[in-house]
Amino acid sequence: MTDPKVWIKSSRSQSTATCVELTTSLDEIRDSKDPHGPTLRVDVATFVQAVKRGRFDR
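Okay, so let's go over this structure.

Reading the values: rules and limits
- Residues numbered from 1 in each chain as written.
- Predicted model: local features only at pLDDT ≥ 70, side-chain atom pairs only at ≥ 80, totals over all residues.
- Heavy atoms only, no water.
- Pairing = 2+ DSSP bridges.
- Helix = DSSP H or I, 4+ residues; strand = E, 2+ residues; numbered from the N terminus.
- Axes fitted to C-alpha atoms, helices over the stretch in contact; angles between N-to-C directions.
- Phe/Tyr/Trp six-rings, centres within 6.5 Å; stacked < 30°, edge-to-face > 60°.
- Buried < 20%, exposed > 50% of the residue type's maximum accessible area, 1.4 Å probe, protein only.
- Polar contact = N/O pair within 3.5 Å; in protein donor to acceptor, adjacent residues only side chain to side chain.
- Salt bridge = Lys/Arg side-chain N within 4 Å of Asp/Glu carboxyl O.

## Notes on the sheet that holds strand β1 (residues 7-9)
Then, number 1: Ordered by their spatial adjacency, four strands build an open sheet running β1-β2-β3-β4, and the pairing between neighbours is antiparallel. Bordering the open sheet on either side are β1 and β4 (39-41), each of which pairs with just one other strand. Neighbouring strand axes in the sheet, compared pairwise and without regard to direction, differ in orientation by 30 degrees on average.
Then, number 2: As paired strands, β1 and strand β2 (residues 20-23) are joined by three bridges and run antiparallel to one another. In the sheet register, Trp-7 faces β2, and the bridge partner there is Thr-23.

## Here we look at the packing of aromatic side chains
Then, number 1: Inspection of the entire model under this criterion finds one aromatic pair.
Then, number 2: Taking the centre distance of 5.6 Å and the plane angle of 40 degrees together, the rings of Phe-47 and Phe-56 count as tilted.
Then, number 3: Taking the relative accessible area as the measure of exposure, Phe-47 reaches 28% and is therefore partly exposed.
Then, number 4: Judged by relative accessible area, which is 47%, Phe-56 ranks as partly exposed.

## Describing the side chain of Ser-32
Then, number 1: As for its position among the elements, Ser-32 is in the loop between β3 (28-31) and β4.
Then, number 2: For Ser-32, a relative accessible area of 16% corresponds to the buried category.
Then, number 3: One polar contact links the side chain of Ser-32 to the main-chain carbonyl oxygen of Cys-19, over a distance of 2.6 Å.

## Description of the pattern of salt bridges
Then, number 1: All told, the structure shown has five salt bridges when counted by the stated rule.
Then, number 2: Note that Arg-41 is salt-bridged to Glu-28, the shortest N-O span being 3.5 Å. Of the two residues, Arg-41 sits in strand β4 while Glu-28 sits in strand β3, which places them 13 residues apart along the sequence.
Then, number 3: Accessibility expressed as a relative area gives 60% for Arg-41, which makes it exposed.
Then, number 4: Since its relative accessible area comes to 3%, Glu-28 is described here as buried.
Then, number 5: For Lys-33, the salt bridge goes to Asp-31, with nearest N and O atoms at 3.0 Å.

These figures capture arrangement, not role.
The structure is reproduced here in structure tokens:
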């Protein structure tokens, strides 16, 4: 039997705010508004570097 995934959200987000959550194993991200929805499997270190470089800025 596998352990259930543990999801964490930024301590800076408010309880009613929308936010992304990430697993404690740092390999999946999900939308906090839809906890039963799809997840995105990621290499978190690479993802964070892309965010910091502005890769997803509009």
